[in-house]
Amino acid sequence: MATSSFPRTPRSTSSPRAVLRPVAPRKLSVGDRALPPEVRPHKLFAPPVYPGAVLRQAILDRVMHDDSLRVTLLQGPAGHGKSTTLQQIKSAHETRGWRTAWLTLDDADNDPRRFESHMVAMMGRLTDGADTPVAPRNGAGDAPRDLADWMLDTLSGLDTHASIFIDEFQALRSDAILRFFRSLLARLPPHVHVFIGSRSLPEIGLATLLVNRVATVVRADDLRFTPDEVARFFAKTNNLRVSAGEVDAIYRRTEGWPAGVQLFRLALLSPEVRLSLGGDEDSGPRELAEYLADNVMSLQTPHIQEFLLKTSLLQRLSAPLCEAVTGFGDAQALLVQLERSGLFVRALDSDNRWFKYHGLFSTYLADSLQRSAPEGVRQVHERAAQWYLANGLPEEAVHHALCCGNFALAASTLTGWSAQRVAGAELITVERWLDRLPFHEVAQRPALVIRAAYALMFLRRRPKLRPLLEMMSAQAGCGDIVATTNPDLCRAMSFLLVDDDMPAALAIIEQPGVVQRELEGYPAFELGAASNLLAMGKISRGDFEGARQALALARAHIGRGGGSFVGGYTAAITGSNLLAQGRLHEALAHLREAHAQEAPLDTSVAGAALAACHIWALYEANDLETLESLAHRFQREISESVTLDFIAAAHLAIARMHEARGRSEDALAVLDELERIGHEAPWQRLVAVSEWERVRRALTARDFERAEALAARIAPDAMADDPRWIHMSEDMEGSGYGLIRLAIARNDAAEAARRIARERSRQRGRVYRDIKLCVLEALLHHSTGARNSAHRSLRRALQLGRRGAYVRCLLDEGEGVVELLREAYQKILQTNEPGAGTADPDRAYIELLLAASGSDLGRQHVRTPLMERLSDRERDMLLLLMNGITNREIAGQLFVSENTVKFHLKNIYSKLGVSNRLQAINTARALRLIA
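What you see is a predicted model; the values in this text were computed from it and never measured.

A. Up close: the overall build of the protein. Along its length, the protein carries 47 helices and eight strands. When each of the 931 residues of the protein is scored for burial, the buried share is 60%. For the protein, the accessible surface area stands at approximately 36900 Å², while carbon and sulfur atoms represent 52% of it.

B. Up close: the side chain of Asp 840. Along the chain, Asp 840 turns up in the loop between helix 42 (815-831) and helix 43 (843-853). One polar contact links the side chain of Asp 840 to the main-chain amide nitrogen of Asp 842, over a distance of 2.7 Å.

C. Molecular detail of the pattern of salt bridges. Per the stated rule, a full pass over the model turns up 71 salt bridges. Between Arg 56 and Glu 229 there is a salt bridge whose closest N-O contact spans 3.1 Å. With Arg 56 in the segment before helix 1 (57-64) and Glu 229 in helix 8 (residues 227-235), this pair connects stretches of sequence that are 173 residues apart. Residue classification places Arg 56 among the buried positions, given a relative accessible area of 4%. A salt bridge links Arg 787 to Glu 823, with the nearest nitrogen and oxygen atoms 2.6 Å apart. Of the two residues, Arg 787 is situated in helix 40 (residues 787-802) and Glu 823 in helix 42; the sequence distance between them amounts to 36 residues. Salt bridges sharing partners connect three or more residues here, namely Arg 40, Asp 107, Arg 114, Arg 173, Arg 316, Glu 395, Glu 396, Arg 421, Glu 426 and Arg 432.

D. Representation of the pairing of strand 5 (residues 215-218) in the model. Of the two faces of strand 5, both are covered, the one formed by Ala 215 and Val 217 as well as the one formed by Thr 216 and Val 218. When strand 1 (residues 71-75) meets strand 5, the two strands line up parallel, connected through four bridges. Bridged to Thr 72 within strand 5 is Thr 216.

E. Spotlight on the packing of aromatic side chains. Taken as a whole, this structure holds 20 aromatic pairs when the rule is applied. Between Phe 225 and Phe 233, the aromatic rings sit 6.3 Å apart at their centres with planes inclined by 35°, giving tilted as the arrangement. In this pair, the class of Phe 225 matches that of Phe 233, namely buried. Judged by centre distance (6.2 Å) and plane angle (25°), the rings of Phe 361 and Tyr 364 are stacked. Of this pair, Phe 361 and Tyr 364 are both found in helix 16 (residues 359-372), three residues apart, which corresponds to roughly one turn of the helix. Accessibility expressed as a relative area gives 11% for Tyr 364, which makes it buried.

F. Quick peek at the pairing of strand 8 (residues 354-357). Sheet topology places strand 6 (residues 317-318) next to strand 8; two bridges connect them, and they run antiparallel. Bridge pairing links Leu 317 to Phe 355 in strand 8. Pairing analysis gives three bridges linking strand 7 (residues 345-347) to strand 8, with the strands arranged antiparallel. Counted as the bridge partner of Ala 347 is Phe 355 from strand 8. Two successive antiparallel strands, strand 7 and strand 8, enclose a turn made up of six residues, where Asn 352 displays a positive phi of approximately 55°.

G. Broad picture of the packing of helix 13 (residues 302-311) against helix 16. Across the interface, helix 13 lies against helix 16 with an axial gap of 8 Å and an inter-helix angle of 100°. In this view, helix 13 runs roughly perpendicular relative to helix 16, as classed from their interaxial angle. Of the residues in helix 16, those touching helix 13 at Leu 308, Leu 309 and Lys 310 are Phe 361, Leu 365, Ser 368 and Leu 369. Among the residues forming the contact of helix 13 with helix 16, the class breakdown is five nonpolar, one polar and one charged.

H. Geometry of the packing of helix 24 (residues 487-497) against helix 26 (residues 522-540). For the pair helix 24 and helix 26, the least separation of the axes is 10 Å and the interaxial angle reads 40°. Overall, the two elements helix 24 and helix 26 adopt an arrangement that is oblique. As for how helix 24 packs across helix 26, the hand of that crossing is left-handed. The residues of helix 26 that touch helix 24, namely those facing Leu 489, Ala 492, Met 493 and Leu 496, are Glu 526, Leu 527, Ala 529, Ala 530, Leu 533 and Met 536. Residue composition of the contact of helix 24 with helix 26, grouped by class: nine nonpolar, no polar and one charged.

Here is what the cut-offs are and how they apply
Residues numbered from 1 in each chain as written. Predicted model: local features only at pLDDT ≥ 70, side-chain atom pairs only at ≥ 80, totals over all residues. Heavy atoms only, no water. Helix = DSSP H or I, 4+ residues; strand = E, 2+ residues; numbered from the N terminus. Buried < 20%, exposed > 50% of the residue type's maximum accessible area, 1.4 Å probe, protein only. Areas by Shrake-Rupley, 256 points an atom, 1.4 Å probe, with all protein chains shown as cover. Polar contact = N/O pair within 3.5 Å; in protein donor to acceptor, adjacent residues only side chain to side chain. Salt bridge = Lys/Arg side-chain N within 4 Å of Asp/Glu carboxyl O. Pairing = 2+ DSSP bridges. Phe/Tyr/Trp six-rings, centres within 6.5 Å; stacked < 30°, edge-to-face > 60°. Axes fitted to C-alpha atoms, helices over the stretch in contact; angles between N-to-C directions. Parallel < 35°, antiparallel > 145°, perpendicular 65-115°, else oblique. Contact = heavy atoms within 4.5 Å. Nonpolar A, V, L, I, M, F, W, Y, C, P; charged D, E, K, R; others polar. Left-handed = near helix turned anticlockwise from the far one by under 90°.

So, in structure tokens, the structure goes:
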């Protein structure tokens, strides 16, 4: 097989009963209804129970009589009966009245979108007909839930025991999906048991589960038949007499290997095999399997032998497919006969339409065909590719076309099929097939070049992407080179996402009529992405109304088939547009709604962009608990995403969250990660953002010498002084603020004032930016002793921030701001005595800010005993709060769900009369509830 010439890139228990369910981006499947087209129903079908199978009673007793178990892993090489044993456990649970569901994994499940679709479909099978509780959407203080949280809520709502069976687990390699399983399995409700079949030990947090005694591993030695089980297996074969001595010999030869025992049953009709049982042959499992399989094959008719050999190359079998491959007209009868005879064929559905060979047997057959008729191998794959293509199964057609070396057919098939995959964010699937194609086959197909470029661009596969971009540059200005694709739109996207060159991107997008067309399907995806790019450009130029119109256009393209993938970015950019205008409350409401409607289960690159903007908004609102929960789920995906400004804003917010919670080392680690991303991309602007944040931290710590040294090494940004452009992340941090802070620290008031005026003159209407500049101006006046001027500037900042209740953009400038806020609050108290008239409009806002800073609001409080005592569990949580650990860590230590932790914290805050962690700790100490 030819190899691609693409450059390579390195690659508890829950709370009693949850009442939440997700609002999914697609309708959840129930039974066989409403399955998305990418879901393969045969993957949800458990192997049938065959007559004569040996009941694995010892294993059943082990896993079914220990109520503490939540996870059972059956681990062993091929042929050890993992699937059969899992099926027996499933049947036993169903006899007890348990709900059950099955999923067989394969390589395609390493694409998060594909995996999610099949997990949702599996949960539909599990809950079909269940009276699962229906809940409202996420509340104002709740973090959007991911797939694991949704599954846990759904499972907790079941009114009976449930078991989930996941086979062929070794197919999973995706870090994101393995992290999902670690999160899920660590928090399973007590009435749910997950069974996993795998050839290898998966990285799912098994060590912790074993230590906590909620998991067990049934290993290869446990899966082997005992002598008694071998005897019972042959006792059930009515048409085959096997003596006790022969049974003993078979056990010794196979060492209880289930596949070997089954092969002996099929091969004992051969006199040669029976005679061999009297010898002392000592062969390994592979040699024994080949010897027995040869004998099994020799017992079949030539017709069946040819059928077995030719169909062994098929990943799954149906009568029409087998007839197309073999030319036989009796394929259905042969498949049913092979299944009933136990010849390593099993049904994949209840209607006997699709079947599958056991992997061990199909490998033997395929090797035999390759040795005896290599040209026949190519012919089988060619016929299979043509059949799959004619029957609307393009992915299987690509597979077989590649196997027979028909790269032209594979590439042409992928060209059409990839459009839907890219628009649906199945980017890893597209990359997986691209990696198997010779580059020249891709290069000959302009549409495939562009679709491949989008996939690799959003996956940040720069080395693979470069040759495609070079090809598109040669086609610049050609417009729609085929009916459904435009290289100029893709090039514009690369200017932004790869080169960080917004002017070059807009030079293409802003040409008349480029994004205003009304097209359907995949072209709508391209136009939706281009409209999002246009909106980002408008925000950078301060044209917020123009950005709103571009985002409305993007949503219109999504409605014409652009896909939810584009919608995730549209929602994120809408949030940033609101944030820049000082409309934080609206931004938060929009982002919560977007998470509920757009992609609540999604951790794709679009989901990462949405999460990044949400994290930024949560930070500004000082909702650090929800922020930390969201960061725990999305930080890695955000780091691997492609939009520089969202990456920067999220990492700054996460770093400052850690800093606000007293975790300086964690904050520095986040900045290190941000700088690493910038160097690897390479994005010099991202590196500068990280370095200016380090300058801010040094100044806040009053380490002026270090701040100057750090600032001296930052490369200048050519666009930093350009009034036409203010990037989104520059609103949060950058040279504009940094140079003002340095001038104030040097006591260079004239320079600081000049720079403040200069920044204000760049653009008007950026309320978020104006708040920060007013705060810096207040600190400038404060440093020169101009108290009245300082308070006038502070009041202006309060007036701008009050509508959206911005918190952190004021407090991030350090203790000087808190001091000014205390003074302002004291003046309000003095001038607003009872009966003095209208209350100061800033009073509540200043109280919010001082409370967030941990201040006592400048008043002396008389502590009174609690009206309602804290429970023992609430006292335990207070002690853990003192140690600064996260909600997720508290949940792990107390063996409860994260939702339960949030519930108890709200009760603690209510009883103590506080609104955040710091106040809770201070109040508890004052009341001597904790030492």
